[in-house]
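Remarks on the overall topology
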Amino acid sequence: MSSLDPRAPFVLDTRELGRRPGAQRELSISVPAPAELGIEVLHVPEGEQVQLDLRIESVMDGVLLTGTAEAALEGECTRCLEPIEDEIFVDLQELYLYDDVTRDGADEELGDEASTLEGDLLDLEPLLRDAVVLALPFQPLCQDDCPGLCIDCGARLADEPDHTHEAPIDPRWAGLTALKQDQD
Ligand SMILES: [Zn+2]
Ligand SMILES: [Zn+2]
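Note that the structure is a prediction, hence the values are computed from the model and not measured.

Quick notes on the overall build of the protein chain
Within the protein chain, the regular secondary structure consists of 4 helices and 9 strands. Order of helices (α) and strands (β) in the protein chain, N terminus to C terminus: β-β-β-β-β-β-β-α-α-β-β-α-α. Within the protein chain, the proportion of its 184 residues that are buried is 18%. In the protein chain, 56% of the contacts between residues at least 6 apart in sequence involve partners at least 24 apart.

Below is the structure:
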């Protein structure tokens, strides 16, 4: 009946909780990231380890999962295209209803949206994907005030704060400009 593969990295088997409310188990696992975890400009590289520290707990209608996920991020600045390396740390929490509970309509209002177990198996991947995307900035930047690229020549302005295409600085003022830069 189940379409989940119990050997898939993000599928957890909750059988040992035995549907006894209150029974719980903690697990700390490291699993390879699936493809496209995150957004195009900032994501967990495929195959990179995702550290999961989880607790699964049997409750009345299903299994409550809580925990954290931690992984490396790779991407690029949306203003200057500089590569970005970062880390992500997200909280995870989700109630997975027993599939016979949802089938019986015991939770009709939740039924459509709630996650469900397939038999004893729980698929963590959709939850992880949502949590990662929500935690990412919409437009990642290499630094908060990244000035982007020069519209005239494409130079990365963060590397050249004084970049300009105007006439060169009058040599009589060059000394003063240098002095001002030192103070900055
Ligand atoms: Zn940048
Ligand atoms: Zn330029």
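As for unusual backbone geometry
Not every positive phi belongs to a glycine, and Glu36 is a case in point at roughly 60°. Within the secondary structure, Glu36 is located in the loop between strand S2 (24-32) and strand S3 (37-39). Residue Leu81 is not a glycine yet carries a positive backbone phi of 70°. Of note, Leu81 is situated in the loop between strand S6 (62-76) and strand S7 (83-97). What makes Leu81 partly exposed here is the crowd of 14 C-beta atoms within 10 Å.

Some remarks on the nonpolar core
Counting 24 residues, the largest nonpolar core has Val44 and Leu122 as its most contacted members. Every element with two or more residues in this core is listed here: strand S4 (42-44), strand S5 (49-59), S6, S7 and helix H3 (125-135). The leading source of residues in this core is S6, at 5 residues. Excluding residues that lie within four positions of it along the chain, Leu122 makes contacts with Val11, Leu12, Thr14, Val63, Leu65, Tyr96 and Leu117.

Considering the pairing of S6
In terms of strand pairing, S4 meets S6 through 2 bridges, oriented antiparallel. Bridge assignment links Leu42 to a residue of S6, and that residue is Gly75. With 9 bridges connecting them, S5 and S6 associate as antiparallel partners. From the neighbouring strand, Leu54 faces S6, where its bridge partner is Gly67. Connecting the antiparallel pair S5 and S6 is a turn made up of 2 residues.

A word on the environment of Arg79
Within the secondary structure, Arg79 sits in the loop between S6 and S7. Spatially, the C-alpha atom of Arg79 lies 6.9 Å from that of Leu149, the residues being 70 residues apart in sequence.

Observations concerning H3
Turning to H3, its buried residues number three or more, namely Leu127, Leu128 and Val132. What you see down the axis of H3 is that its buried residues fit within an arc of 125°, all on one side. Facing away from the buried surface of H3 by more than 90 degrees, the exposed residues are Pro126 and Leu134. Where H3 is buried, its residues meet S3, S4, S6, S7 and strand S8 (115-116).

Remarks on the environment of Glu94
Among the secondary structure elements, Glu94 is positioned in strand S7. Each C-alpha atom, one on Glu94 and one on Ala114, is 8.6 Å from the other, the two residues being 20 residues apart in sequence. Setting aside anything within four residues of it in sequence, one finds Glu94 in contact with Leu65, Ser115 and Leu127.

Observations regarding the environment of Cys146
Among the secondary structure elements, Cys146 is positioned in the loop between H3 and helix H4 (171-183). On the basis of neighbour counts, which here come to 17 C-beta atoms within 10 Å, the residue Cys146 falls in the partly exposed class. It is 8.0 Å that separates the C-alpha atoms of Cys146 and Leu157, two residues lying 11 residues apart in sequence.

The rules behind these values
- Residues numbered from 1 in each chain as written.
- Chains lettered and ligands numbered in written order.
- Predicted model: local features only at pLDDT ≥ 70, side-chain atom pairs only at ≥ 80, totals over all residues.
- Helix = DSSP H or I, 4+ residues; strand = E, 2+ residues; numbered from the N terminus.
- Buried ≥ 20, exposed ≤ 12 C-beta atoms within 10 Å, placed from the backbone.
- Contact = placed C-beta atoms within 7 Å.
- Core = buried A, V, L, I, M, F, W, Y, C linked by C-beta atoms within 7 Å.
- Pairing = 2+ DSSP bridges.
- Arc of directions from axis to C-beta.

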